[in-house]
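What the coordinates show
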Amino acid sequence: TAALDAARERYERLRERVPGSPDIKDATFQLAAVLVDLERFQDSVLIADELLARDDLSTDERLEALTRRAQGLLGAGDLERASQQAKAALSYFRTRPTEESARDDFFAAAANYVLAESIRLRAQAIAFPAAGVEEQKAVLIRRAELLLEAQREYFNTIHFSNVRWTAASGYRIGHMYD
């Protein structure tokens, strides 16, 4: 964590001291990544918003900024907005102009993982009522539906074949069955 904090400080200092530098955009992307890793999710959303307001982003950069925003929203516990943002990132990835092919699918897979996580966490948040069997049955069915939807999205993440997100998705699928 000390190395990440030091990196965060360097990126923030660069952005503050030399705002006109041609390296600002890259430093801002690096700062967004570090803030997610440091679990400073509200700050990462603000930085992603700043990036998304730029008009000079490449296809890959816009996808990364959309995904970083989704990751920040997920970490902040805003599951509905995280899910919407992840869907927006995936839609952007799928509908980008064909001449603007993505460098790789890392951030598309990351966005799909955020979508799966937001569904899984919504399922986990459903509490079983102390009421009768019928009320519990309805809650159990809804929770099972969400878990199956999350599983489907984890499998969709695996289809991207990105090693990091495939492993994370496989772990989550196994954990859900545990």
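Quick note: structure is the one above.
Let me begin by describing the structure that accompanies this report. Only a predicted model underlies this, so the values are computations on that prediction, with no experimental measurement involved.

1. A closer look at the overall build of the protein chain
Counting secondary structure elements, the protein chain contains eight helices and zero strands. With respect to the three principal axes, the spread of C-alpha positions in the protein chain is 65 × 40 × 25 Å. When burial is assessed residue by residue, the protein chain has 43% of its 178 residues classed as buried. Within the protein chain, counting contacts between residues at least 6 apart in sequence, those at least 24 apart form 57% of the total. As presented, the protein chain carries roughly 9800 Å² of accessible surface, and 51% of it is formed by carbon and sulfur atoms. When the 24 positive and 29 negative side-chain charges of the protein chain are each reduced to one mean point, those points stand 2 Å apart.

2. Regarding the packing of helix 4 (residues 59–75) against helix 6 (residues 106–124)
At their nearest, the axes of helix 4 and helix 6 sit 9 Å apart, and the two run at 20° to each other. Between helix 4 and helix 6, the angle is such that the two are roughly parallel. For helix 4 against helix 6, the interelement crossing comes out left-handed. Here Leu63, Glu64, Thr67, Arg68, Ala70, Gln71 and Leu74 of helix 4 lie close against helix 6, whose contacting residues are Phe107, Ala108, Ala110, Ala111, Val114, Glu117, Ser118 and Leu121. Grouping the amino acids of the contact of helix 4 with helix 6 by side-chain chemistry returns nine nonpolar, three polar and three charged.

3. A few points about the pattern of salt bridges
Applying the stated criterion across every chain yields a total of 13 salt bridges. Put simply, Arg15 and Glu50 hold a salt bridge, and the shortest N to O gap is 2.7 Å. Here Glu50 lies in helix 3 (residues 41–52) and Arg15 lies in helix 1 (residues 2–17), a separation of 35 residues in the sequence. The structure contains a network of salt bridges with shared partners spanning Asp5, Arg8, Glu9 and Glu12.

4. Quick word on the environment of Ala32
With respect to the helices, strands and loops of the structure, Ala32 is situated in helix 2 (residues 24–37). By relative accessible area, Ala32 is classed as buried at 0%. If sequence neighbours within four positions are ignored, Ala32 has contacts with Ser44, Ile47, Leu51 and Arg68.

What counts and what doesn't
Numbers given to residues run from 1 along each chain, matching the order in which its sequence is written. Restriction of local features to residues with pLDDT of at least 70 applies here, the model being predicted, together with a cutoff of 80 or more for giving and counting side-chain atom pairs; totals for whole chains, interfaces and linings are based on all residues. Side-chain numbers here rest on the full set of heavy atoms in the structure, without hydrogens or water. Each helix corresponds to a stretch of at least 4 residues labelled H or I by DSSP, and each strand to a stretch of at least 2 residues labelled E; elements are numbered beginning at the N terminus. Any residue under 20% of the maximum accessible area for its type is buried, any over 50% is exposed, and the rest in between are partly exposed; the area is computed with a 1.4 Å probe on protein chains only. Contacts were defined at the residue level, with two residues in contact if any of their heavy atoms lie within 4.5 Å. Only the protein chains shown count as cover for residues, and all accessible areas are computed by the Shrake-Rupley method using a 1.4 Å probe. For the purpose of charge, His is not counted, nor are the chain termini; Lys and Arg are scored as positive and Asp and Glu as negative. Here the site of a charge means NZ on Lys, CZ on Arg, CG on Asp, or CD on Glu. Helix axes are fitted to C-alpha atoms over the stretch in contact, other axes to C-alpha atoms as well, and angles between N-to-C directions run from 0 to 180 degrees. In this scheme, roughly parallel covers angles under 35 degrees and roughly antiparallel covers those over 145, while 65 to 115 is roughly perpendicular and the rest are oblique. For a crossing to be left-handed, the near helix must be turned anticlockwise from the far one by less than a right angle; the clockwise case is right-handed. Only Asp, Glu, Lys and Arg are considered charged, only Ala, Val, Leu, Ile, Met, Phe, Trp, Tyr, Cys and Pro nonpolar, and every remaining residue, Gly among them, polar. Counted as salt bridges are all cases of a side-chain nitrogen of Lys or Arg within 4 Å of a carboxyl oxygen of Asp or Glu.

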